[in-house]
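Chain by chain, the residues run as shown.
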There are 2 protein chains.
Amino acid sequence: WLSCLLASACTIGFVVRLFFFISLFILASIETFSQSIDLMPMPSSVKLSAGGFRIDKQFAIAVKGDGDLRIYKEATRFFQRVAERTGIFFKSWIVDQNSRINVSGLSIETKRKGKVQLGEDESYELLVNEKEISLIAANDIGAIRGLETLFQLIESDQSGFFFQSATIKDSPRFSWRGLLISQPYHFMPMDVIKRTLDAMALVKMNVLHFYISDDQGYRIESKVYPRLHQVASDGQYFTHEQVREMIEYAHQRGIRVVPEIDVPGHSTAMIYAYPHLASIKRNYQLQDHWGVFDPTLDPTKESTYQFLDTLLTEVASLFPDEYFHIGGDENTGKDWKSNPDIVAFMKSNNLNSTLALQNYFNKRVQAILRKSGKKTIGWDEVLMKEMEAKEAKTHFEKGQYDKLIETDVPKDMVIQSWRGMEALLSSAKNGYKSILSKGYYIDLVQSAEYHYLNDPVPFNNDVIVPDSEANFDRFESDIINKIKQGEKLLSEAEEKLILGGEATMWTEHVTHETIDSRIWPRTAAIAERLWSPATLRNVDDMYRRMNKISVQLEWVGSTHIKNIDMMLRRMSGQANIESLRHVVDLLQPVQGYKRNAADNFTRFSPYTLLVDIAVPDQKAVREFSGLVNRYLRDRNPQQLDSLINRFHFWISNHGAIEIISGKNSLLGGLVQHSKHLGEISQLVIDYLKSSVKSKQGKEQILNKVKVYARPIDYCELKVLESIEKLIQNF
Amino acid sequence: WLSCLLASACTIGFVVRLFFFISLFILASIETFSQSIDLMPMPSSVKLSAGGFRIDKQFAIAVKGDGDLRIYKEATRFFQRVAERTGIFFKSWIVDQNSRINVSGLSIETKRKGKVQLGEDESYELLVNEKEISLIAANDIGAIRGLETLFQLIESDQSGFFFQSATIKDSPRFSWRGLLISQPYHFMPMDVIKRTLDAMALVKMNVLHFYISDDQGYRIESKVYPRLHQVASDGQYFTHEQVREMIEYAHQRGIRVVPEIDVPGHSTAMIYAYPHLASIKRNYQLQDHWGVFDPTLDPTKESTYQFLDTLLTEVASLFPDEYFHIGGDENTGKDWKSNPDIVAFMKSNNLNSTLALQNYFNKRVQAILRKSGKKTIGWDEVLMKEMEAKEAKTHFEKGQYDKLIETDVPKDMVIQSWRGMEALLSSAKNGYKSILSKGYYIDLVQSAEYHYLNDPVPFNNDVIVPDSEANFDRFESDIINKIKQGEKLLSEAEEKLILGGEATMWTEHVTHETIDSRIWPRTAAIAERLWSPATLRNVDDMYRRMNKISVQLEWVGSTHIKNIDMMLRRMSGQANIESLRHVVDLLQPVQGYKRNAADNFTRFSPYTLLVDIAVPDQKAVREFSGLVNRYLRDRNPQQLDSLINRFHFWISNHGAIEIISGKNSLLGGLVQHSKHLGEISQLVIDYLKSSVKSKQGKEQILNKVKVYARPIDYCELKVLESIEKLIQNF
């Protein structure tokens, strides 16, 4: 409990400090009385006031107006969550048309039935004072958003629980606030999808992008082409009934479900099940490895389009959303060029490149889906002009993206940009609706700060990404410079074409056990970026609120916190993992595609390793960094003492680890990191306490920091950065 | 980490002690070299030997013989679990007909296809040495049981993982090793059922008793009577497809699924959906409270049997098992006696009591199910003779159960005894197959020890239940005395009629968040009682192994450990709950039906309270009790020091709790318990350290112990018992 006291003290300090700072960063449109606003995503306008609406067992909920029936079910679910949070035994609990407020309660009013579709009005107004709670929205979907805000207003004191008094007017900045979950790499069963939908609803996200098909598997039942799920899924797929169950669950929460069948590349699973679709005859197997592969549908045969017509019509009928994603990314073009018939087809149709051929293919697929009343979405590449991939790459690298755009693609197509801001801007300038995913690739395990500052419509005089993590944004310095120089990149009309963004949970390196900790809590920061005013960019306050939301996400089922200990217990083979946990909390998985490079990872390899237990953007790392920064600013001796205590703790914690780790080879990497930390801690203590600060002592620490910063077991000891900063500036 | 070191030390001491003791208790048929056997349930014959089979990436699995295809899927799942446990990247991972062992591996041989049905051979033989692993079984189900044993043989050392060398011959003592899950009270969705099936498979249980219908809801889809799921389920039910999915998942693991539709009582949900079934006309609603209610099907109308014929035929076709449970318990008879038509029917048919009428009803229902090829099961009452319930109760209380037995009930009916040993013995004596549930009511949150020592066929000279918990076994002292006097209660043939037992997870007071901690790990002790030799009755060794299995149950998805912290974070509203956890680990929910008595608990009230977070039979309580017992035995001053350290820890832990608990009224009970513990701890330290032990000091402690032992928030501070013992015997 020594550590616990330290941690408590540190948390308290953190909050106190935020109290102090909050006034500096507060939005113009947001006023406070003297309390921090704990909401996430932050509403467009909030005014908190003193006092609140006390919650007791008389509390009731009444619904007025003509909203969809789903509001009753969601209000009931809200009621249940309030009971669970407060432990109060309410007198009534089911909200239906007969529910009335007798003594005290929440009144919900909606004018019309909401439709779960792009562009639906999600605004609401929420008033809480000591006497009443009123939630007014144009439709039930807005009301559902408002219920989530209201839940976050629950506070407690010694006499019980209350909703904080507030006046809130809220509506989203972007209409498309999505999360992609890929099913082919590691299959995510229904319970993962449901708890993810609950968590999405909590932070007001409104699109689940359900990625069905890739080289590693095809994951929904097909009655028209049953070999797709029978042969190409390893038995891991959603039945039609389950697809409907998922969609109903999502719609109940005001969340759209957009399916993606990725064609013509990323199609090994389809080809494995139906080899006649292939551009090249070979012995196909499901891919177990990760990457970009050559198998591609043959775009020259009418039988391919007949197949797609039947299949996509079936899938389109399952998913009611007006949008259908056809993928279109990462076609290597190799299989097309290796097939003389396809090369001949290109010649006779005057298609000068594989990109041009893909363009032809896309138009055929769009025509098929239009028959089902669907608009299509595709990744960046679907907009690319007739030219060879290599030539295109040169343009792309030169920052001349505009030259790549194929302007005769039907204008109702939506472009999902994974290549970056340049692609996004170009498509908007050419009149295409777009959503941004570049910068929201949560599978790359970057910081929430990085995602948070990544804006689909960056405003003037600000920087899109923090430089430290911009290493793979090398093509975009031009744009960043233009923004810095205050150049207006898009007209107002063009800006409106940017519908929002999508976080992408590609599941190569996650299983049902770890997916939550890769999505949450960081995606809450993306959800706020897409919902809240563009001017809200205070990273410290975002983290403060994200810490609070993180715990609330658990209550709707997310396992992002609780699975850490479970996995540590498995790896260590023992029940008592406190000392191990203190080290894991300081480790972060290597970022970007570094883990992909290690090609021993496949669909079936273990994802129960140290790198799977460690989570991105560790709270304990941020807290230690805060301690260091505060000390360097204030130079307060007490702060120094608490830093030194922390170092002592790490030394003794390593002692505890040495006792229990002997018999388990799997703990090797963790023990190594712990040893390094203990060793550095001792050197730092000696240095900080020594009366003469020798240059040699400093160099010794900095050299060790450099060596120990290297990944072990795909994990980095992230506190070393702050230790380096402390020593450099001591 | 101070506490962590203490806990580690304590665990190590515990293991050392068990090493010492194990030879005293070891079964005649089990030999060891010098290592404890970590298996649960314990096989009927085990011989461990030094060394083991090293696991490396060459490891492969090959299957020979004519087993069902499910063995390939289970062997693949086993392979995946070994990868997850060991972190090894295996070269191959899918086990199919083509899988061969090239370098090293496991060879599985089965002679024939297993059938998932009562009485199937589940025996297997397992040989592990440094060169090979061989698993031989009559059929694939035996092989699946053997795979679970093999998984538990995984050990680790500094150079990696290995399967412990062993020679094992194993088969179950009882053929019916079940777990009942009731769906009407709190609905348990598919993911709960699936993870429970995985956990059952881990401890070799083989029957899921799926309880569908009661006063609070009807939980599967009905195509013939759709109002059952549409009106009487609150939208919480399994579709036919989901029922099939569950059964397939269970069969894959060699687990039967036996459905129960409880009639003629416990039927409010059916009557609410189809009021013409009722014995009495009234305004029916689903029950939200817990208990025994009067609504009962009308057994005099042919329309009732037509309804049941159509419905039960539909349900019977969904569940392939040859057994079908028709309930039959707790019919109050009141509604029958209040309806003059029913009373007239009884007269004209010479049925002298409501029990006789129910007997008539049962026969009709049995006839219906026999058409679908089903044998029926019922609770105790279905065997009861024509007499009034009150009269029967008198016989029952007098221990004259034999007089209650209705011997013309068809002999193919299986009796599930919830009333106790007497009912079980009587039905066996009268030629009925029986299973025992009395003593396995895990919803009553008793100790694993209690369940463990409760034997369906108690052997001579032993006691069925520890006296301390036998308070509601008041009718059975006769039987216990007979056993103590060495009387043989059943003939060998009669004994064979006792098929096994079933743990019952009635879900009144559990939700999907807490059900796992009510089932596990205690049910592992019941699983061992039903699988392993009757002579295995060493409670200390059972607990040692249960602690190990508990962690392994997590790996197949059980949330019984990880949800504790999650719920504490919700209740406290904060992320750091270490100090709170130290107190919760010492609290146990009130046992038996004490919580039912508090009638504020209903289907919708919060189950997120202290009593839901605290788990039965706390490990920390047992560990402290072990410390006290060892000190009282050895009187070693070092042991006394470590006890005193523990008391100091509780005092300071309470200090930490006071700091963080101020703002939250929900924490009241926990803080109170913590305060009591701190206060007692100080008194105990003073007493233990004082040179003169005053009688007054002792009395003061014992008086406080008495007061503080009372439940607060339905939780008891269980370490007080050991503290009392320490002071009494110091």
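Residues numbered from 1 in each chain as written. Chains lettered and ligands numbered in written order. Predicted model: local features only at pLDDT ≥ 70, side-chain atom pairs only at ≥ 80, totals over all residues. Heavy atoms only, no water.

Student: For this particular structure, what's the right way to read the overall build of chain A?
Tutor: Along the backbone of chain A there are 28 helices and 18 strands. Taken over C-alpha atoms, the radius of gyration comes to 27 Å for chain A, in line with the 27 Å a tight globule of 730 residues would show. Taken along its principal axes, the extent of the C-alpha atoms in chain A is 80 × 70 × 55 Å. Within chain A, buried positions represent 64% of all 730 residues. (Helix = DSSP H or I, 4+ residues; strand = E, 2+ residues; numbered from the N terminus. Rg over C-alpha atoms; globule rule 2.2 N^0.38 Å. Buried < 20%, exposed > 50% of the residue type's maximum accessible area, 1.4 Å probe, protein only.)

Student: For this particular structure, what's the right way to read the pattern of salt bridges?
Tutor: Two side chains that carry opposite charge are able to pair once their charged atoms sit near each other. In this structure the tally under the stated criterion is 90 salt bridges over all chains. Among the salt bridges present, the one from Arg 370 of chain B reaches Asp 412 of chain B, with a minimum N-O distance of 3.7 Å. You can see Arg 370 of chain B sitting in helix H11 (residues 354-371) and its partner Asp 412 of chain B sitting in the loop between helix H12 (389-398) and strand E14 (414-417), a full 42 residues away along the chain. By relative accessible area, which is 42% here, Arg 370 of chain B ends up partly exposed. Overlapping salt bridges, with partners in common, bring together Asp 38, Glu 528, Asp 541, Arg 544, Arg 545 and Lys 548 of chain A in one network. (Salt bridge = Lys/Arg side-chain N within 4 Å of Asp/Glu carboxyl O.)

Student: For this particular structure, what's the right way to read the interface of chain A and chain B?
Tutor: How big an interface is tends to be expressed through the accessible area that disappears when the partners come together. Contact with chain A, which involves 66 residues of that partner, is made by 67 residues of chain B. Where chain A touches chain B, the interface holds four salt bridges. Salt-bridge contacts for Glu 84 of chain A lead to Arg 570 of chain B; the nearest nitrogen and oxygen are separated by 3.9 Å. Our enumeration of links across chain A and chain B arrives at 14 residue pairs in polar contact (both at pLDDT 80 or more). Broken down by element, the side of chain A that touches chain B gets its largest block of residues, seven residues, from helix H20 (residues 562-572) of chain A. (Contact = heavy atoms within 4.5 Å. Polar contact = N/O pair within 3.5 Å; in protein donor to acceptor, adjacent residues only side chain to side chain.)

Student: I keep staring at the relation of the copies chain A and chain B and nothing clicks. Help me out?
Tutor: Two copies of the chain are present, and they differ by a rotation about an axis and a shift along that axis. When chain A is fitted onto chain B, the two copies agree to an RMSD of 0.0 Å after a turn of 180° and an axial shift of 0.0 Å. In symmetry terms, the pair is related by a two-fold rotation axis. Scanning chain A for the C-alpha nearest the rotation axis identifies Lys 562 of chain A, at a separation of 2.7 Å. Here 100% of the interface residues in chain A have copies in chain B that are interface residues too; the copies meet face to matching face. (Least-squares fit on C-alpha atoms with pLDDT ≥ 70 in both.)

Student: Just checking my understanding: could you explain the environment of Leu 497 of chain A for this structure?
Tutor: All names here are of chain A. With respect to the element layout, Leu 497 can be found in helix H16 (residues 492-497). The spacing of Leu 497 and Ile 435 is 62 residues in sequence and 8.7 Å in space, taken between C-alpha atoms. Aside from chain neighbours lying at most four places away, what touches Leu 497 is Ala 428, Gly 431, Tyr 432, Lys 433 and Ser 434.

Student: How do you make sense of the pairing of strand E15 (residues 433-436) of chain B when you look at a structure like this?
Tutor: Each regular strand displays side chains that alternate between the two surfaces of the sheet. Residue and element names in this part refer to chain B. Where E14 and E15 come together, four bridges link them in parallel fashion. What sits directly across from Ser 417, in E15, is Leu 436. Handedness of the E14-helix H13 (residues 421-429)-E15 crossover: right-handed. Across three bridges, the pairing between E15 and strand E16 (residues 498-505) is parallel. Each bridged residue has a counterpart across the sheet, and for Ile 435 the counterpart in E16 is Gly 500. (Pairing = 2+ DSSP bridges. Right-handed = clockwise from strand over helix to strand, strands pointing away.)

Student: Even after reading the chapter, I still don't get the nonpolar core, so can you show me in this structure?
Tutor: As a rule of thumb, nonpolar side chains are buried together in soluble globular proteins. Core analysis: the biggest nonpolar cluster contains 214 residues, and Phe 163, Tyr 218, Met 246 and Phe 319 of chain A have the highest contact counts within it. By residue number, the principal contributor to this core is helix H26 (residues 668-689) of chain B, which donates nine residues. Listed in part, the 213 residues of the second largest apolar core include Leu 180 and Tyr 708 of chain A together with Val 63 and Val 128 of chain B. (Core = buried A, V, L, I, M, F, W, Y, C linked by side-chain atoms within 4.5 Å.)

Student: How do you make sense of unusual backbone geometry when you look at a structure like this?
Tutor: For the peptide bond that leads from Met 40 of chain A to Pro 41 of chain A, omega is 0°, which places it in the cis range. Here Pro 41 of chain A is to be found in the loop between helix H1 (2-25) and strand E1 (45-54). Here the amide bond leading from Val 263 of chain B into Pro 264 of chain B is cis, since omega sits at -5°, within 30 degrees of zero. With respect to the helices and strands, the residue Pro 264 of chain B is situated in the loop between strand E11 (256-263) and helix H7 (268-273). With a phi close to 45°, His 266 of chain A is a non-glycine residue in the positive phi region.

Student: Looking at this structure, how should I read the packing of aromatic side chains?
Tutor: When we look at a pair of aromatic rings, we describe it by the centre distance and by the angle of the planes. Here the structure, examined in full by the defined rule, presents 66 aromatic pairs over all chains. Centre to centre, the rings of Tyr 185 of chain A and Trp 290 of chain A are 5.8 Å apart; their planes meet at 70°, and the pair counts as edge-to-face. In this pair, Tyr 185 of chain A sits in the loop between strand E8 (176-182) and helix H4 (190-202) while Trp 290 of chain A sits in the loop between helix H7 (268-273) and helix H8 (302-318), placing the two residues 105 residues apart along the sequence. With respect to class, Tyr 185 of chain A is no different from Trp 290 of chain A; both count as buried. Between Tyr 305 of chain B and Tyr 360 of chain B, the aromatic rings sit 6.4 Å apart at their centres with planes inclined by 90°, giving edge-to-face as the arrangement. You can see Tyr 305 of chain B sitting in helix H8 (residues 302-318) and its partner Tyr 360 of chain B sitting in helix H11, a full 55 residues away along the chain. For Tyr 305 of chain B, a relative accessible area of 4% translates into the label buried. Residue class for Tyr 360 of chain B comes out partly exposed when judged on its relative accessible area of 23%. Within the aromatic cluster, the residues linked to one another by ring pairs are Phe 53, Phe 59, Phe 78, Phe 79, Phe 90, Phe 151, Phe 163 and Trp 555 of chain A. (Phe/Tyr/Trp six-rings, centres within 6.5 Å; stacked < 30°, edge-to-face > 60°.)

Student: So what exactly am I meant to see when it comes to the side chain of Asp 455 of chain B here?
Tutor: Residue and element names in this part refer to chain B. Tracing the backbone shows Asp 455 in the loop between helix H14 (448-452) and helix H15 (477-484). Of the residues examined, Asp 455 reaches a relative accessible area of 1% and is grouped as buried. At a separation of 3.0 Å, a polar atom in the side chain of Asp 455 contacts the side chain of Arg 173.

Student: Before we go on, may I ask you to explain the pairing of E16 of chain B in this structure?
Tutor: All names here are of chain B. With eight of its eight residues buried, E16 lies for the most part within the structure. When strand E8 (residues 176-182) meets E16, the two strands line up parallel, connected through six bridges. Pairing of Trp 176 across the sheet is with Gly 500, part of E16.

Student: Explain the packing of helix H27 (residues 695-708) of chain A against helix H28 (residues 719-729) of chain A to me, please; I cannot follow it from the model alone.
Tutor: Packed helices, taken two at a time, are described by the angle between their axes plus the distance between the axes. Residues and elements named next belong to chain A. At a closest axis distance of 10 Å, the pairing of H27 and H28 adopts a crossing angle of 165°. Accordingly, the angle class assigned to the pair H27 and H28 is roughly antiparallel. The two elements H27 and H28 meet at a crossing, and its hand is left-handed. Counting all contacts with H27, which are made through Lys 698, Ile 701, Leu 702, Val 705 and Tyr 708, the residues of H28 involved are Leu 720, Ile 723, Glu 724, Ile 727 and Gln 728. Per-class residue counts for the contact of H27 with H28 are seven nonpolar, one polar and two charged. (Axes fitted to C-alpha atoms, helices over the stretch in contact; angles between N-to-C directions. Parallel < 35°, antiparallel > 145°, perpendicular 65-115°, else oblique. Left-handed = near helix turned anticlockwise from the far one by under 90°. Nonpolar A, V, L, I, M, F, W, Y, C, P; charged D, E, K, R; others polar.)

Student: How should the side chain of Asp 380 of chain A be read in this particular structure?
Tutor: Residues and elements named next belong to chain A. Of note, Asp 380 is situated in the loop between strand E13 (375-379) and helix H12 (389-398). Here Asp 380 occupies a buried position and makes no salt bridge, while the nearest side chain of opposite charge, Arg 419, is found at 4.3 Å. With residues up to four places along the chain from it excluded, the contact list for Asp 380 reads Tyr 401, Ile 415, Gln 416, Ser 417, Trp 418, Arg 419, Gly 420 and Ala 423. (Lys, Arg positive; Asp, Glu negative; His and termini not counted.)

Student: Looking at this structure, I do not really get the confidence of the model for chain A. What am I missing?
Tutor: Any region with low pLDDT has predicted coordinates that should not be read closely. Residue and element names in this part refer to chain A. With 92% of its residues at a pLDDT of 70 or more, chain A has an overall mean of 90. Across residues 1-32 the pLDDT falls below 50, and counting only partners more than four positions away or on other chains, this stretch makes 49 contacts in the model. Across residues 463-472, where pLDDT falls below 50, the model places 28 contacts with residues more than four positions away in sequence or in other chains. In the predicted complex, the global pTM is 0.93; the interface-specific ipTM is 0.91. (pLDDT = per-residue confidence, 0-100.)

Student: Help me understand the packing of H8 of chain A against helix H11 (residues 354-371) of chain A, please; the structure alone is not making it clear to me.
Tutor: All names here are of chain A. Between H8 and H11, the least distance of the axes is 9 Å, while the angle of their chain directions is 40°. The orientation of H8 with respect to H11, classified from their angle, is oblique. Considering only the axes of H8 and H11, their crossing is right-handed. Side by side, H8 and H11 meet where Glu 302, Tyr 305, Leu 308, Asp 309, Leu 312 and Ala 316 of the first sit next to Tyr 360, Phe 361, Arg 364, Val 365, Ile 368, Leu 369 and Lys 371 of the second. Grouping the amino acids of the contact of H8 with H11 by side-chain chemistry returns nine nonpolar, no polar and four charged.

Student: Please explain the environment of Arg 569 of chain B as it appears in this structure.
Tutor: Considering the arrangement of structural elements, one finds Arg 569 of chain B in helix H20 (residues 562-572). Taking the C-alpha atoms as reference, Arg 569 of chain B lies 44 Å from Asp 170 of chain B; in sequence the two are 399 residues apart.

Student: How do you make sense of the environment of Val 510 of chain B when you look at a structure like this?
Tutor: Residue and element names in this part refer to chain B. Tracing the chain through its elements places Val 510 in the loop between E16 and helix H17 (515-519). Considered as a pair, Val 510 and Lys 337 are 173 residues apart in the sequence and their alpha carbons are 34 Å apart. Those residues in contact with Val 510, other than ones at most four positions away along the chain, are His 186, Met 188, Met 505, Ile 515 and Arg 518.

Student: Even after reading the chapter, I still don't get helix H25 (residues 637-661) of chain B, so can you show me in this structure?
Tutor: One full turn of an α-helix is made of 3.6 residues, so residues set three or four places apart face in the same direction. Over its 25 residues, H25 of chain B extends 36 Å from the first C-alpha to the last, a length consistent with the 36 Å expected when each residue adds 1.5 Å. Measuring from the side-chain oxygen of the N-cap residue of H25 of chain B to the backbone nitrogen of Gln 638 of chain B gives 2.8 Å; that N-cap residue is Asn 636 of chain B. (Expected span 1.5 Å × (residues − 1).)

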